[in-house]
Amino acid sequence: RAFIAQESEEAQRRHLAFYQSHRDPYSKERLTLASELRTALDSGEMGLVFQPKYSLSEHQVTGLEALIRWPGRSDPPDPETLINLAEETGLIQPLTRWVIREALACQSRLVADGFPLNIAVNISANNLREPDFPSFVRKMTQGNHPGLTLELTETAMMTDPTSAMEALRELEDAGIPIAIDDFGSGYSSLSYIKRLPAREIKIDKALITDITHHGDDQLIVKATIDMAHNLGYQVIAEGVEDEATLDWLRSLNCDAIQGYLLSHPMTLEDLVPWLNHGIQLPGSNNLHA
Ligand code: C2E
Ligand code: MG
Ligand code: MG
Ligand code: MG
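Here the structure is a predicted model, which is why all the values come from computation and not from measurement. (Residues numbered from 1 in each chain as written. Chains lettered and ligands numbered in written order. Predicted model: local features only at pLDDT ≥ 70, side-chain atom pairs only at ≥ 80, totals over all residues. Heavy atoms only, no water.)

**Q** When you look at the site of ligand 1 in this model, what are you seeing that I'm missing?
**A** In the vicinity of ligand 1 lie 21 residues, with R69, N122, D181, E241 and Y260 positioned nearest. Interatomic distance of 2.9 Å between a side-chain N/O atom of N122 and an oxygen atom of ligand 1. K205 is positioned with one of its side-chain polar atoms (N or O) 2.9 Å from an oxygen atom of ligand 1. Taken by itself ligand 1 offers 810 Å² of open surface, and the protein chains cover 86% of this. For the shell around ligand 1, the elements supplying multiple residues, two or more each, are β2 (60-69), α4 (79-89) and β5 (178-183). A total of four residues in the shell around ligand 1 trace back to one element, the largest contributor, which is β2. (Near = heavy atom within 4 Å. Polar contact = N/O pair within 3.5 Å; in protein donor to acceptor, adjacent residues only side chain to side chain. Areas by Shrake-Rupley, 256 points an atom, 1.4 Å probe, with all protein chains shown as cover. Helix = DSSP H or I, 4+ residues; strand = E, 2+ residues; numbered from the N terminus.)

Structure representation (structure tokens):
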């Protein structure tokens, strides 16, 4: 209990969801949902939205993160529930492969429109236990494209460090950068993380949210950014919702941001006009066009 009490609110919520979903993982409703998910993956009912990553030094959008959606459904489960379900039912393999294929197909359309942007896809620890996952990714990314990044949460990296380490190394060797997602939401330290092959650290939004009025969070974020830089990582802050937070992150030399201040995740259809319009972040007089 005391252990739980130290967790961030988001981590607590995640644990609660985990316990609830595990109370009866094979309830009739869950099995029905899983079979509907399988059908949706096969029949093109799933969708992706994209959230831009904005570089504070380059003053421009340098990449996108793909996030899964189930648009045809009247009451879709939230992405975290969906991913939990997929992990428990073996559907995470086809789901992740669908996401990678779709993200790369969308990337080709963006290239054709003049936006050669790197796309990040979230993967699950289970994917790293698929023996052919690295070779699948290598095959998918052959040829010219502006790059695929794989995001894996800090917690997922810790669940099976040995197999994670091997698969991640193979992916990095194949030129696929790894980003450590939700950093600061679990219990790992940078001294452990630094042994993993990765290029980018994404600081969890739970730490970013209160940075403007919590001195502790400011210190933690500052220390994380400084240490990560010393270890050679790029640092991106998630969940940046207002200008004051952006100002703090600038002053702490954070490399890049993501969050509602810049943009909510968008469909490809909405993304292209958004990119064409060019964005102006408060405090930066540079237009991206
Ligand atoms: P994540 O990878 O850390 O993605 C960031 C989440 O925060 C997204 O929620 C995004 O919509 C949300 N977000 C972005 N900016 C802000 C902000 O300024 N404020 C707030 N409050 N939220 C913001 P989403 O799309 O619901 O995804 C939740 C999580 O589900 C993701 O966290 C990721 O772990 C997982 N997920 C989503 N799509 C996929 C997928 O295709 N595969 C896998 N394996 N996991 C996925
Ligand atoms: Mg992510
Ligand atoms: Mg995250
Ligand atoms: Mg998250």
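**Q** Help me understand the sheet that holds strand β3 (residues 118-122) in this model?
**A** One key point about sheets: their strands pair by backbone hydrogen bonds, in either a parallel or an antiparallel sense. Spatially, β1-β2-β3-β4-β5-β6-β7-β8 is the arrangement adopted by the eight strands of the closed barrel, whose pairing is mixed. Bridge analysis of strand β4 (residues 148-153) against β5 gives four bridges, and the strand direction is parallel. Paired with T153 across the bridge in β5 is D181. Against the sheet, helix α11 (residues 215-230) engages β5, β6 (200-203) and β7 (234-237), with an angle of about 175° to β6. (Pairing = 2+ DSSP bridges. Contact = heavy atoms within 4.5 Å. Axes fitted to C-alpha atoms, helices over the stretch in contact; angles between N-to-C directions.)

**Q** So what exactly am I meant to see when it comes to the coordination of the magnesium ion (ligand 2) here?
**A** For the magnesium ion (ligand 2), every protein donor is listed as E65 (OE), N122 (OD1), E151 (OE) and D181 (OD), and the spread of their distances is 2.0 to 2.2 Å. Summarised as a motif, the one-chain spacing of the donors to the magnesium ion (ligand 2) is E-x56-N-x28-E-x29-D. In this structure, the magnesium ion (ligand 2) lies 4.2 Å away from the magnesium ion (ligand 3), the two metals sharing D181 as a donor. In this pair, N122 is assigned in strand β3 and D181 in strand β5, connecting sequence segments 59 residues apart. By relative accessible area, which is 5% here, D181 ends up buried. (Donors = N, O, S within 2.8 Å, 3.2 Å for Na, K, Ca; no water. Buried < 20%, exposed > 50% of the residue type's maximum accessible area, 1.4 Å probe, protein only.)

**Q** What am I meant to see in the side chain of E238 here?
**A** Relative to the helices and strands, E238 resides in the loop between β7 and α12 (243-251). Not counting residues within four places of it along the chain, the set of residues in contact with E238 comprises D181, D182, K202, I203, D204, K205, I208 and Q258.

By themselves, these are just geometric observations and shouldn't be taken as functional.
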